[in-house]
Structure formats: C-alpha cells, structure tokens
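What follows is each chain in one-letter form.
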Amino acid sequence: MLPTSSIKTVFGVVAALFFACSSMTSRAEVLDLTIQPQSNKVETSVQLTELIGFDLTITFENAVGLTAQNFTVNAQLIDLNDLTILNRLPDSLLTGIPSAFPVLISIEPDPAKGFSFSGAYEIELYTKSLHYTAGSPLRMFHSHNNGEFEDITTMTGSGSYRVRTNGGQFSDFIIVADLRDINTVISTKVNRLADYVDSVSHSLTAVASQTLSDAIASIEVALASGNYQQAQQATNALIQLMRADDGTLYPDVWRSAGDLENIRGRILSMANTLRYSLRIR
C-alpha cells in the first residue's frame, strides 16, 4: 500500500491529466451494430471526434431476439463537470472521468420487444484514445437506472487500452480513473455482493440460499484474517458454483421488459470483478 504522501502525489499528477475542465458535450449517437445471432455477439465501432473513438464487442452466453431492431447501443461525449455523472461516482475526490475519453455508453434493449439473455454477458472495449500502463487506474464502471456507478472491471490490458467486464443487466457504462485504495475497492465489492445475496435470498430455495451465504462468508472470513490468497480461492469457488448452474437453482434470465431478476448473471459479474481486484492487489 502506498503511504499517504505518495497517494497524494500520485493523485495530483493523475488529476492534472484526467480531471481537466471541459465543456464538451453532445447528443447521444446511435451506433451501427454488426450482429451475429449464431454466436450471440454484437460488435460496433465509432469515431466520435478525431481523437475519441472505440470498438465495442458484447457477447452473450445465450440470447433470444438479438436484432438491430430491438437492441440499441448509444454513445455520447459528456462534460467532465457534469454533476449528473460525477454525483453518481463512489468518491468525489478519488474517482473521475478521463479527459481523453469522456464517453458515456448506453445499452438499451427495447422493453417492448422480445430480447432476452441468460447468464452473464461479456463486454470488451478497445480504444486508441487511452494508453495502458502498468498500474493504470482506468476501470470500467456501470450504472443501472441512473443509480451509482460501480466498478465491474474484470480485465485491463494494452493495445492501446483494452478493458473487459461482464454483467447481468444493462444501462450506462463509462471509463473512470479510480485512485481509491485497493483495499477500499475490495471491501466495497464484497459488501455489494453480500448485500445483493441478502436481497434475493427470499426468491431462492433454502439450500440454494444457504450455499450462497456460506460462499460469501468464506470470502469475508478470509479477508478479515488478511488471507488474500484464501479470499481468491473462495471467490473462485463462488464463480464455479454459478458457472455450474444452468438456471435451475439460481434464476439467470434477463428480459428487456425488466420483469425478471438475473441472479446468476449478477452474482457472476460481482464475483468476477472482485477476483480482478484481489489479483491486482
């Protein structure tokens, strides 16, 4: 862990790079999609300005009704000082929007159409507008229904910057420069996972609910004792538990009408991003 003085120094440098004032804003642009229904994949590329563009790929475990008529992806440039975005970030001092990539991506399946998917989707974003370096604070955050943005990153890498994530529901996605202490990030992700499991336990069988509670408890006990290797193993066990299920014990269908809770997909997303943070600690 960096000492406080070092954190302040790093933040000062990164803040100068990432949090410069900007009045840049634009209307949402509906992106042209290449849809491959046989492989449950959506691809799109866009150049919003001369310097800002990206490639996006979305892959589903299984999808129904995946067509350009009922599946929309929007992108827009946002103001770095937009309080409707900044007030939804977890820390006003340590998280912010990179000035080189002030982009909000919204994935909006038409609720009146018959699109649905099961399990967790995977999103990969590639952009030349950002550059990956070891220890980069850049992460992908997600917000549902204008709620708080949450880190759901599962992989970051070069070329120039590549980030991967997965999830069980849609809405808004942004790249965030996150300078929070990694232990704070891990704690936040564990608490979010535990709270979500508590909120859906009533819709599960007693056995399925207890199995989940035991899995979360194993992660929490390992972290409380400072055993991060054991915490990784317990998180891997939870991921394997979710992957082994086919929706029988843990409902795993998301529908554009918004009437189903994709429990397995949501837990997979939270566990995968927790594993990422544990690995880079």
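Heads up: the structure comes first, above all this text.
Throughout what follows, the structure given in this document is the object of discussion. Note that the coordinates shown come from a computational prediction; the quantities given were computed from them, not determined experimentally.

Packed helix pairs are characterised by how far apart their axes lie and by the angle those axes make with each other. One way to put it is that helix α4 (residues 206–224) packs onto helix α5 (residues 228–244) with a least axis distance of 7 Å and a crossing angle of 165°. With respect to α5, the axis of α4 lies roughly antiparallel. Helix-helix and strand crossings are classified by hand; for α4 and α5 the assignment is left-handed. Contacts from T211, L212, A215, I216, S218, I219, A222 and L223 of α4 reach α5 at Y228, Q230, A231, A234, T235, L238, L241 and M242.

With that settled, the discussion passes to the packing of aromatic side chains. Scanning all chains against the criterion turns up 15 aromatic pairs. Taken together, a centroid distance of 6.4 Å and an interplanar angle of 70° make the contact between F60 and Y121 edge-to-face. Separated by 61 residues along the polypeptide, F60 in the loop between β4 (53–59) and β5 (62–64) and Y121 in strand β10 (residues 121–127) bring together distant segments of the chain. Since its relative accessible area comes to 1%, Y121 is described here as buried. Grouped by ring-pair contacts, the aromatic residues F60, F71, F115, F117, Y121, F170 and W254 constitute a single cluster.

With that settled, consider the sheet that holds strand β3 (residues 41–47). Across the sheet, six strands lie side by side as β2-β3-β4-β10-β14-β13; this open sheet has antiparallel pairing. Every interior strand has two partners, whereas the edge strands, β2 (34–36) and β13 (153–158), have only one. The sheet shows a mean angle of 15° between the axes of neighbouring strands, taken without regard to direction. For β4 and β10, the ladder comprises five bridges, and the chain directions are antiparallel. Within the sheet, the bridge partner assigned to L56 lies in β10 and is L125. Packed on one face of the sheet, helix α6 (residues 263–280) meets β13 and β14 (161–167) and runs near 50° to β13.

Cut-off values and rules
- Residues numbered from 1 in each chain as written.
- Predicted model: local features only at pLDDT ≥ 70, side-chain atom pairs only at ≥ 80, totals over all residues.
- Heavy atoms only, no water.
- Axes fitted to C-alpha atoms, helices over the stretch in contact; angles between N-to-C directions.
- Helix = DSSP H or I, 4+ residues; strand = E, 2+ residues; numbered from the N terminus.
- Parallel < 35°, antiparallel > 145°, perpendicular 65-115°, else oblique.
- Left-handed = near helix turned anticlockwise from the far one by under 90°.
- Contact = heavy atoms within 4.5 Å.
- Phe/Tyr/Trp six-rings, centres within 6.5 Å; stacked < 30°, edge-to-face > 60°.
- Buried < 20%, exposed > 50% of the residue type's maximum accessible area, 1.4 Å probe, protein only.
- Pairing = 2+ DSSP bridges.

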